[in-house]
Amino acid sequence: MIFHSVDFVVFFCVVVALYWRLPQRGQNVLLLVASYFFYGYVHPWFLILIATSTTIDYLAARGMERRPEHRRRFLWMSILSNFGMLGFFKYFNFFIDNVHAAAGAMGIETSLPVLRVVLPVGISFYTFQAMSYTVDVFRGELRARRNLLDVAVFISFFPHLVAGPIQRASFLLPQVESRRRFSMDQALSGFYLMCWGFFKKLVIADNVGVIANRVFALADPSFEILWAGVFAFAIQIYADFSAYTDIARGSSRWLGFELTENFEHPYLARSPTDFWRRWNISLSTWFRDYVYIPLGGSRAGGWIWARNIMVTFVLSGLWHGASWNYVLWGFYHGLLLLATRAHSILRPGAPPRRAWLRVPQVAGMFLLTLFGWLLFRETDFGAIVRDVQLSPFASTPLERQAGLYLFLVAFVYSIPLWGQSLWVELGLARRLDTSSPGWPRMALRAAACGAAFAAILVLRSETSLDFIYFQF
Amino acid sequence: MPEADERHHGPAATTISSSGATVATTTTAEPRAPEARRARAGVQLALCVAAIVLGPFAFRAINDARGVSALPPTYLPALEGPRERRPFDDGTRHLLRQMRPGYVIISDSMGGHIDRRTLQRLTQRPVAPLLQPASGSAWWYLALKNWVIASGVRPRCVFILFRDTNLTDPLFRIDGANRWKLDLVARDREEEVNAVIAARTRGRLHHIRTAIARAYQTEATREWAEGAADDAVARLMIRDDAQREAFLDALNDRLGRDHMRPIEEADIQAADDREAEFDKYVDDSFLPLMLRDAHEAGIRLCFIRVQRRPVDGRPAPQSPALRRYIAKLEAYVEAHGAVFHDDAADPLLLAEELYTDGDHMTGRAEILYTQNLYNRLRFLFP
């Protein structure tokens, strides 16, 4: 089931209405049933995977606690089953394609099977989340849960099941296990988040996504058209992914849960380090805690640190999809971080934080991010090479005008996104909260919700696109 | 947006208690009694809901001012509220009468597989392609009924080219921008078409969308609000109307099919298995109406299921459900006196170089396709 459908609105209203009439245990049963219904709505066979993953991780964690001398074996059982499923569904064809290509390059004829099966949506998200549970139990940071229902709800909790944010077991499991009380404040803030999320998805992401899709379908884009398309994609992926997060967090609040934030206005980042503190925070912290730090983190310094960074980012790229362009994207961001570090070594001391420097820093980082999105969106290496060779001097006047037009259209749709980021970053939100009187502020908020809904009704794109991160 | 406030305070102000329960966020600086704060949040929530429910009624007022509300209901009241429709294209009927085609092709862009000149040369009869890119079975049925049959011509055969489950999916490509295409083939009243659509929308949650659209007159509003951003940008860049239109036409050409890269994924996804339930959907589709009207008019129909773009020289994969669906469709069509032809797995159509983007064919491939079709269906071309 997808968030931006009438089906989901009805489903969610029914779940919330039933949920608050039940005791805590009943609420968890309802959450599990609702989550499985949500996940298996289109392809019921997906449920076999999530149920298998849940059962194995539950048993592995229990095994670690009951037989500590074999806990490493149980950890491997969990790792192999989770990564086995992920690898089979997501990376099998990628592996076969590369074997095929390598054999072809050596002049060897191969006839290898190709998997003809739909990639289960959200498999990368919930396997990583399940892994966090068993690894934390293995490390002794979390006790294994006896109640399978609680573990199953933690792994399958429907608001964030398909596209995150990935929750740590130590954060979400205690919420699953505790008694929840309806809070009007929480419901209200959840309502705001959902309104804003639906607006971002249906009005911003889907409209600029049409531009990006058209540009990236071109065999012969000009320089201006291509970069207008990259800009549109940058807006699309942020609006789309953060919309999912907002709807997930908002709907969780209606159920008495709090999920971690996943975005902190990433396009206002001043440096690569700053960007990764703001973009897909839940995935970044997962890789930090379960890959980067176990590899040694920054303790070793020098080349070891550089290796750790590159391994972490390349794996993070590969996590997004079974394609070399994602690996390249991760590699590129790893290089950016290394360059930032090299710069700080060559010019020691805290960087200047003058206010006027912020604009060029943000603009520069945004341009670097755009190049990354080009690598992310172009799945074909040949196309990437062609794209980077495009020259602005080879364009016709029509192509220049077309590029400007597409850029401006994408920019107009993205104004609310930029506005909201600046609104928060400049502290205007806090100022309004503390300085303006109650009723006008309440009226303003209500008007904003009404305007968002009205905009969704008449400005939503005709082309309803899936959430981008569903494919990961 | 109110979200901004939430973002500002959200992660910092929200904590998890020792029991794991969330502690409500504080959204104002000054402390308040919990009851007062709860009441205030309740009032705020009620205000927001009221704004969402009542706000879009402003569209009705705006539409009243623009004279849109005075419009009569459309020919598809099951689907949409009043809106300004485009006129029925009567010219095509007259053209058909003048042309007296021996063969008619009705389809979306898939109809382009049949090269008109080649078929005319092979059959020595005029061929009339009635193709509407990005159309569905509603458009095809209305073109058959209101153009071909209403023109009084009696072609030897009407070919309808379709993909997978198109024929039993009456809702395919009838909403949004596709409504203007339907206007060209629809009369002022299309009760049978409306009944089919009503039957298909009744069981699902479609009626909620329809009710919202009616209440707020969103379709009529979209008509003038849609593309407002694009238009504003174009006006900003080019003041002159004629130059602006010329630019937009040139832009569409520049981004059009001729400049597209071959995209294997485009249009080649197998039909969703949920739609591949023939028995469940056939009665609430346009297929029975097509067969009935053609039979009454003495016109032979030939349904051609086009090949999906092959993958590595092999036919595009088909699920078992889709195979069952196609077998039932074939039996149904033939039982009603029409011809069924399936391009899938035709070895002559498996070379990938025959295709441009998705499952569209190159010009040369269309000639080859037409010759191949002529050979395979010789009994239709006496």
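Treat the numbers as computed from the prediction; the structure is a model and nothing was measured. (Residues numbered from 1 in each chain as written. Chains lettered and ligands numbered in written order. Predicted model: local features only at pLDDT ≥ 70, side-chain atom pairs only at ≥ 80, totals over all residues.)

1. Here's the deal with the overall build of chain B
For chain B, the helix and strand inventory stands at 16 helices and 7 strands. Within chain B, the proportion of its 382 residues that are buried is 36%. Counting contacts in chain B only where the partners sit at least 6 residues apart, residues at least 24 apart contribute 79% of the total. (Helix = DSSP H or I, 4+ residues; strand = E, 2+ residues; numbered from the N terminus. Buried ≥ 20, exposed ≤ 12 C-beta atoms within 10 Å, placed from the backbone. Contact = placed C-beta atoms within 7 Å.)

2. Some points on the overall build of chain A
What chain A contains, in helices and strands, is 18 helices and 0 strands. In terms of overall dimensions, chain A has C-alpha extents of about 70 × 70 × 50 Å along its principal axes. Taken over 472 residues, chain A has a buried fraction of 46%. Counted over contacts in chain A with a minimum sequence separation of 6, partners at least 24 positions apart contribute 74%.

3. Quick notes on the sheet that holds strand S7 (residues 339–342) of chain B
Residues and elements named next belong to chain B. Read from one edge to the other, the open sheet built from 5 strands follows the order S4-S3-S5-S6-S7, with strand pairing classed as parallel. At either end of the open sheet lies a strand with only one pairing partner, and these are strand S4 (127–131) and S7. Here the strands of the sheet are splayed against their neighbours by 20° on average, with no regard to which way each runs. The sheet contacts of helix H6 (residues 137–151) involve strand S3 (103–107), S4 and strand S5 (157–162), and relative to S3 the element is tilted by about 145°. Strand contacts of helix H15 (residues 320–335): strand S6 (301–305) and S7, with the helix running at about 155° to S7, the strand carrying the most contacts. (Pairing = 2+ DSSP bridges. Axes fitted to C-alpha atoms, helices over the stretch in contact; angles between N-to-C directions.)

4. A word on the pairing of S3(B)
Residues and elements named next belong to chain B. Within S3, 5 of the 5 residues are buried, which leaves the element mostly enclosed by the surrounding structure. Pairing of S3 with S4, which is carried by 5 bridges, proceeds in the parallel orientation. The residue bridging tyrosine 103 from the neighbouring strand is valine 127, located in S4. Handedness of the S3-helix H5 (residues 116–123)-S4 crossover: right-handed. Pairing analysis gives 4 bridges linking S3 to S5, with the strands arranged parallel. Across the sheet, the residue bridging to valine 104 is valine 158, located in S5. (Right-handed = clockwise from strand over helix to strand, strands pointing away.)

5. Considerations on H15(B)
Residues and elements named next belong to chain B. If you check H15, its first and last C-alpha atoms are 23 Å apart, about what 16 residues at 1.5 Å a residue would give, namely 22 Å. Looking only at H15, the buried set comprises Tyr325, Ile326, Leu329, Tyr332 and Val333. What you see down the axis of H15 is that its buried residues fit within an arc of 130°, all on one side. The outward face of H15, more than 90 degrees from its buried face, is lined by the exposed residues Pro320, Arg323, Ala327, Ala331, Glu334 and Ala335. Buried residues in H15 make contact with helix H13 (278–281), S6 and S7. (Expected span 1.5 Å × (residues − 1). Arc of directions from axis to C-beta.)

6. Quick look at the nonpolar core
Counting residues in each nonpolar core, the largest one holds 124 residues, and the members touching the most others are A:Cys195, A:Ala232, A:Ile235, A:Leu406 and A:Ala410. Looking at which element gives the most residues to this core, the answer is helix H9 (residues 223–254) of chain A, with 19 residues. If we ignore the near neighbours within four places in the chain, the residues touching A:Ala232 are A:Val208, A:Ile211, A:Ala212, A:Val215, A:Leu406 and A:Ala410. If you look at the next biggest cluster of nonpolar residues, it comprises 63 residues, including B:Val127, B:Leu287, B:Tyr355 and B:Tyr369. (Core = buried A, V, L, I, M, F, W, Y, C linked by C-beta atoms within 7 Å.)

7. Some words on the confidence of the model for chain B
All names here are of chain B. The pLDDT averaged across chain B works out to 82; a share of 85% of its residues lies at or above 70. Confidence over residues 1–31 falls short of pLDDT 50; this stretch has 67 contacts with residues more than four positions distant or in other chains. Within the model, the stretch residues 264–271 combines pLDDT values under 50 with 19 contacts to residues more than four positions away or in other chains. Here the predicted complex scores 0.77 on pTM and 0.76 on ipTM. (pLDDT = per-residue confidence, 0-100.)

8. Observations regarding the confidence of the model for chain A
Of the residues in chain A, 94% have a pLDDT of 70 or more, and the chain-wide mean is 88. Across chain A, the element-wise mean pLDDT spans from 70 in helix H17 (residues 428–435) of chain A up to 95 in H9(A).

9. Considerations on the environment of A:Ile345
Note that A:Ile345 resides in helix H13 (residues 324–346). C-alpha separation for the pair A:Ile345 and A:Asn325, spaced 20 residues apart in sequence, amounts to 30 Å.

10. Looking at unusual backbone geometry
All names here are of chain B. The residue glutamine 124 is not glycine, and still its phi comes out positive at about 60°. For glutamine 124, the position within the fold is in the loop between H5 and S4. You can call glutamine 124 exposed: it has 8 C-beta atoms within 10 Å. Despite not being glycine, glutamine 217 shows a phi value in the positive range, around 55°. Along the chain, glutamine 217 falls in the loop between helix H9 (206–216) and helix H10 (218–225). According to the C-beta neighbour criterion, glutamine 217 is buried, with 27 such atoms within 10 Å.

11. A word on the packing of helix H11 (residues 281–295) of chain A against helix H12 (residues 302–320) of chain A
All names here are of chain A. Orientation of H11 relative to H12, taken along the N-to-C sense of each, is 140°, at an axis distance of 10 Å. Compared by their axis directions, H11 and H12 come out oblique. Crossing of H11 against H12: the hand is right-handed. Note on element contacts: H12 touches H11 through Asn308, Val311, Thr312, Leu315 and Ser316, opposite Leu283, Phe287, Val291, Tyr292 and Leu295. Here the contact of H11 with H12 is built from residues that sort into 7 nonpolar, 3 polar and no charged. (Parallel < 35°, antiparallel > 145°, perpendicular 65-115°, else oblique. Left-handed = near helix turned anticlockwise from the far one by under 90°. Nonpolar A, V, L, I, M, F, W, Y, C, P; charged D, E, K, R; others polar.)

12. Re H11(A)
All names here are of chain A. Here H11 contains 15 residues, and its C-alpha end-to-end distance of 20 Å stays within 8% of the 21 Å for a straight helix at 1.5 Å per residue. Taken as a whole, H11 carries its principal kink of about 40° at arginine 288. Residues Ile281, Ser282, Leu283, Ser284, Trp286, Phe287 and Tyr292 constitute the buried set of H11. The inward-facing, buried residues of H11 abut helix H5 (123–139), helix H10 (272–278) and H12. Note on H11: the residue one or two positions beyond its end, glycine 296, has a positive phi of about 125°. (Bend = angle between axes of the 7 residues up to and from the residue.)

13. Notes on the environment of A:Leu368
Residues and elements named next belong to chain A. Position of leucine 368 among the secondary structure elements: in helix H14 (residues 355–377). Overall, the presence of 17 C-beta atoms within 10 Å leaves leucine 368 in the partly exposed class. Between the alpha carbons of leucine 368 and isoleucine 247 there is a distance of 29 Å; along the sequence they are 121 residues apart.

14. Quick notes on the packing of helix H18 (residues 438–459) of chain A against H10(B)
Each pair of packed helices can be described by the angle between their axes along with the distance between the axes. Interaxial distance between H18(A) and H10(B) falls to 8 Å at its minimum, and their mutual angle equals 80°. As far as their axial angle goes, H10(B) and H18(A) are roughly perpendicular. On the side of H18(A), the interface is formed by A:Leu457, A:Val458 and A:Leu459, while H10(B) contributes B:Thr218, B:Thr221, B:Arg222 and B:Ala225. Each residue belonging to the contact of H18(A) with H10(B) can be placed in one class, and the counts come to 4 nonpolar, 2 polar and 1 charged.

15. Quick look at the environment of A:Ala217
Take A:Ala217: it is sitting in the loop between helix H8 (184–216) and H9. The spacing of A:Ala217 and A:Glu378 is 161 residues in sequence and 9.9 Å in space, taken between C-alpha atoms.

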